Amino acid sequence: MGFADQRFNVNLSILFTELPLLERPAAAAAAGFTAVELWWPWVDSPVPERSELDALKRAIEDAGVQLTGLNFYAGQLPGPDRGALSIPGEESERFRANIDVAADFAASLGCTALNALYGNRVEGVDPAEQDALALENLTLAARAADRIGAVLLIEALNRPESPLYPLVSAPAAVTVVDRVNEATGLGNARFLMDLYHLSMNGEDLPAVIERFASKTGHVQIADNPGRGAPGTGSLPLEDLLDQLNKAGYDGWVGLEYKPGERPSAEAFDWLAR
């Protein structure tokens, strides 16, 4: 086992960001990758112009890479926001307007995983009100994902970097996964297990894998501390991915780490070709 036995894809919203968006798929292909994932690329527009969607679709197709994961609209990310779906008012409406746009774009490229970031707590708003709104919007998102044969991913972030985000543990995120599946009856909501975020929360990663691998729809990695490439921190990522594999996870592993001071193309020296 080991890194050579995993299927890695590159997150083009954190790697190759020194390049314009439309040049990143080809850069990932040139670095040897066959698959990519993205946060929602248009942070100010949940419903971008058709020409923008078509241009990105062409760039991905021309590069010969597969889009394996896409975020729904999540506000200013990177930035202060951590999603929109639990925030009453305009942001919730933006999320709803984006649902079919994101699902249709994913479907046009054969992408079968859509990530819905929960959103921060809002001062002066009852958390129960936010949670009820979140369940409504996640139910809509799960149905849209099901329409295109995709899973809906729900992610735990980390408290130090996202102190207003309520899902800062694996159990908290999986509880929401279970609620969505119960509400829809579709069973297509899954846990996004980001080993960096969980390690920042101080969770027992082998125990999390043992408990939740069967509910995991996608895995992302970065080393800790620093959120850099594997080997720049102290996480035993090779061992953890081996454990995931033995527990039955056979999906993609998203590389969602910072390249550091070097160009992104040079940030894969840890991975044997």
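In short, a report on the structure.

The rules behind each value
- Residues numbered from 1 in each chain as written.
- Predicted model: local features only at pLDDT ≥ 70, side-chain atom pairs only at ≥ 80, totals over all residues.
- Heavy atoms only, no water.
- Salt bridge = Lys/Arg side-chain N within 4 Å of Asp/Glu carboxyl O.
- Helix = DSSP H or I, 4+ residues; strand = E, 2+ residues; numbered from the N terminus.
- Buried < 20%, exposed > 50% of the residue type's maximum accessible area, 1.4 Å probe, protein only.
- Pairing = 2+ DSSP bridges.
- Axes fitted to C-alpha atoms, helices over the stretch in contact; angles between N-to-C directions.
- Contact = heavy atoms within 4.5 Å.

**Focus: the pattern of salt bridges**
Here is step 1 of the chain: Summed over the entire model, instances satisfying the criterion amount to 11 salt bridges.
Here is step 2 of the chain: Taking the shortest distance from any N to any O, the salt bridge between D54 and R50 comes out at 3.5 Å. In this pair, D54 and R50 are both assigned in helix 2 (residues 50-63), four residues apart and thus about one turn of the helix distant.
Here is step 3 of the chain: Salt-bridge contacts for R96 lead to E136; the nearest nitrogen and oxygen are separated by 3.0 Å. With R96 in helix 3 (residues 90-108) and E136 in helix 4 (residues 127-147), this pair connects stretches of sequence that are 40 residues apart.

**Some points on the environment of G149**
Here is step 1 of the chain: Mapped onto the elements, G149 comes out in the loop between helix 4 and strand 5 (151-155).
Here is step 2 of the chain: Judged by its relative accessible area of 54%, G149 falls in the exposed class.
Here is step 3 of the chain: Each C-alpha atom of the pair G149 and A107 lies 8.3 Å from the other, and the pair is 42 residues apart in sequence.

**Structural notes on unusual backbone geometry**
Here is step 1 of the chain: Residue P78 follows L77 across a cis peptide bond; omega there is 5 degrees.
Here is step 2 of the chain: With respect to the secondary-structure elements, P78 resides in the loop between strand 3 (66-71) and helix 3.
Here is step 3 of the chain: Across the junction of N224 and P225, the peptide omega takes the value 5 degrees, indicating a cis bond.
Here is step 4 of the chain: Note on placement: P225 falls in the loop between strand 7 (216-221) and helix 8 (237-246).
Here is step 5 of the chain: Positive phi is not limited to glycine here, since F16 has a value of about 65 degrees.
Here is step 6 of the chain: Take F16: it is sitting in the loop between strand 1 (8-11) and helix 1 (24-30).
Here is step 7 of the chain: What makes F16 buried here is its relative accessible area of 2%.
Here is step 8 of the chain: Not every positive phi belongs to a glycine, and R227 is a case in point at roughly 55 degrees.
Here is step 9 of the chain: Here R227 is to be found in the loop between strand 7 and helix 8.
Here is step 10 of the chain: Among the residues examined, R227 registers a relative accessible area of 11% and is labelled buried.

**A look at the sheet that holds strand 4 (residues 113-115)**
Here is step 1 of the chain: Read around the closed barrel, the eight strands follow the order 1-2-3-4-5-6-7-8; overall the barrel is parallel. Sheet twist, expressed as the mean angle between neighbouring strand axes with direction ignored, is 30 degrees.
Here is step 2 of the chain: By the bridge criterion, two bridges tie strand 1 to strand 2 (residues 35-38) in an arrangement that is parallel. Directly across from V10, in strand 2, lies its bridge partner V36.
Here is step 3 of the chain: The sheet contacts of helix 5 (residues 170-184) involve strand 5 and strand 6 (189-194), and relative to strand 6 the element is tilted by about 165 degrees.

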